Amino acid sequence: MAFFSKKKIKKNYGNKNATIISISAQKGGVGKTTFSTNFAVSQALKGKKVLIIDLDSQAHTQEALYYHFGENESEFSDYILNPKKDLMNSVYLSKIDNLYYIPADKDLSRTEKLLSSEIGKEFVLKKLLDVPKTHFDLIIIDTPPHFGTLTLNALVASKYVVIPTELSNLSTDGINDLLENMELVVDNYNNDIDILGIIINKVDYRSRKTNEPILTELKDRFSDYLIQPYIPMSSLFKKAQLEGKSIFHYNKNHKVSHLFEELSENLID
Ligand SMILES: Nc1ncnc2c1ncn2[C@@H]1O[C@H](COP(=O)(O)OP(=O)(O)O)[C@@H](O)[C@H]1O
Ligand SMILES: [Mg+2]
């Protein structure tokens, strides 16, 4: 009987124990993908073996780094709906040493709907990462802006969350919403999760007057989590993304590349 035949698929485990980090914010456009991609590259350049996973059906991660990634088809949805499969079969090495990725999957919205009626739906990604976790030092998950089943899966699977924000009221409201949802995750699914840092992105230094009250509020409420330096509004990101490159491959000597590098170092050794 199928029920009793707990057939084991042979999986190849490695001997690493990856730190899993979700990049999350309940607002679009704050820099989740920009941060995820450049952070992943910065860590790979330091010699860490990194896997970047895109849980957003808009597939922006692949777009942002297309110069470094091949044009592979994704079957990620298939794995999400069959979590006993070995996800390592869907992992590709990019043209950057140490940087691996799962190709983008534009079916993820549909997959999310299908998944949301399954029993144990919250633990699918955690299960899928069981094997990859043992092959990488770092797994970075770029999440969609809405708090749906996929973002929930990312948080359940993660040790840390990095929250990018802009200096706008809407973005700081987004932090509150995310923190409320994280509390639900801690209470119900994963009490190991912690905030690695809140990063402030797209700072327009010409708007000092409007920045200051928001910055003061953030400092009052989250001083333990705010990571320096803040990232300014800079055309470097769009220019690099247009060529499908990381900012370090586009212009490693740009002052914003240096700032980003410093930010990455302050987040994680
Ligand atoms: N510091 C920045 N300065 C200027 N533009 C930025 C900066 N960070 C991100 N962007 C741009 O803002 C847009 C949204 O960023 P993205 O990372 O896609 O946000 P999210 O993934 O949160 O939706 C992109 O076009 C990106 O190039
Ligand atoms: Mg994005």
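Here the structure is shown first, and the text comes after it.
Everything in this summary refers to the structure shown in the same document.

Parameters and conventions
Residues numbered from 1 in each chain as written. Chains lettered and ligands numbered in written order. Predicted model: local features only at pLDDT ≥ 70, side-chain atom pairs only at ≥ 80, totals over all residues. Helix = DSSP H or I, 4+ residues; strand = E, 2+ residues; numbered from the N terminus. Buried ≥ 20, exposed ≤ 12 C-beta atoms within 10 Å, placed from the backbone. Core = buried A, V, L, I, M, F, W, Y, C linked by C-beta atoms within 7 Å. Contact = placed C-beta atoms within 7 Å. Expected span 1.5 Å × (residues − 1). Pairing = 2+ DSSP bridges. Near = placed C-beta within 6 Å. Nonpolar A, V, L, I, M, F, W, Y, C, P; charged D, E, K, R; others polar. Axes fitted to C-alpha atoms, helices over the stretch in contact; angles between N-to-C directions. Parallel < 35°, antiparallel > 145°, perpendicular 65-115°, else oblique.

With omega at -10°, the peptide bond leading from Gln228 into Pro229 counts as cis. Structurally, the position occupied by Pro229 is in the loop between strand S8 (226-227) and helix H9 (235-242). You will see that Lys202, though not glycine, has its phi angle at about 60°, which is positive. Turning to its location among the elements, Lys202 is positioned in the loop between strand S7 (194-200) and helix H8 (208-222). Take Lys202: there are 20 C-beta atoms within 10 Å of it, and that puts it in the buried class.

Turning our attention to the nonpolar core. Judged by nonpolar contacts, the single largest core of 64 residues is most densely connected at Ala40, Val50, Leu51, Ile139, Ile140, Ile141 and Val162. At 6 residues, the largest contribution of residues to this core is made by helix H6 (residues 149-157). Sequence-distant contacts of Ile141, defined by excluding residues within four places in its chain, comprise Ile20, Ser22, Ile23, Ile53, Leu55, Ala154 and Ser158.

Next up on the list: helix H1 (residues 32-45). Under the 1.5 Å per step criterion, the end-to-end length of H1 is 20 Å for 14 residues, consistent within 8% with the ideal 20 Å. Along H1, 13 of the 14 residues are buried, which leaves the element largely enclosed by surrounding structure.

Turning our attention to the pairing of strand S5 (residues 138-142). A regular strand carries its side chains on alternate faces of the sheet. Most of S5 is tucked away: 5 of the 5 residues are buried. Burial along S5 is two-sided: the residues Leu138, Ile140 and Asp142 and Ile139 and Ile141 are all buried. Across 5 bridges, strand S1 (residues 19-23) lies against S5 in parallel orientation. Pairing of Thr19 across the sheet is with Leu138, part of S5. One ladder, built from 5 bridges, connects strand S2 (residues 50-54) with S5; its direction is parallel. Each residue of the ladder has a partner; that of Asp54, found in S5, is Asp142.

Now for the pairing of S2. With 5 of its 5 residues buried, S2 lies for the most part within the structure. Note that S2 and strand S4 (residues 99-101) share 3 bridges and pair parallel. In the sheet register, Val50 faces S4, and the bridge partner there is Leu99.

Another point: the site of ligand 1. Close to ligand 1 lie 16 residues; Gly31, Lys32, Thr33, Thr34 and Phe237 are nearest. Partitioned by chemical class, the residues of the shell around ligand 1 number 4 nonpolar, 9 polar and 3 charged.

This part takes up the packing of H1 against helix H11 (residues 255-267). Closest axis-to-axis distance for the H1/H11 pair is 10 Å, and the angle between their directions is 75°. One finds that H1 runs roughly perpendicular with respect to H11. Residue-level contacts link Asn38, Phe39, Ser42 and Gln43 of H1 to Phe260, Glu261 and Ser264 of H11. Within the contact of H1 with H11, the residues separate by chemical class into 2 nonpolar, 4 polar and 1 charged.

What follows deals with the sheet that holds strand S6 (residues 160-165). With mixed pairing, 8 strands are arranged side by side in an open sheet as S3-S4-S2-S5-S1-S6-S7-S8. Lying at the two open borders of the sheet, with one neighbouring strand each, are strand S3 (92-93) and S8. Sheet strands touched by H1: S1, S2, S4, S5, S6 and S7. Its angle to S5, the strand with the most contacts, is close to 165°.

Let's shift gears to the environment of Phe136. On the secondary structure map, Phe136 appears in the loop between helix H5 (124-128) and S5. Given 23 C-beta atoms within 10 Å, Phe136 falls into the buried group. Considered as a pair, Phe136 and Arg110 are 26 residues apart in the sequence and their alpha carbons are 29 Å apart. Apart from residues no more than four positions distant in its own chain, Phe136 is found in contact with Lys16, Ala18, Lys49, Val50 and Leu51.

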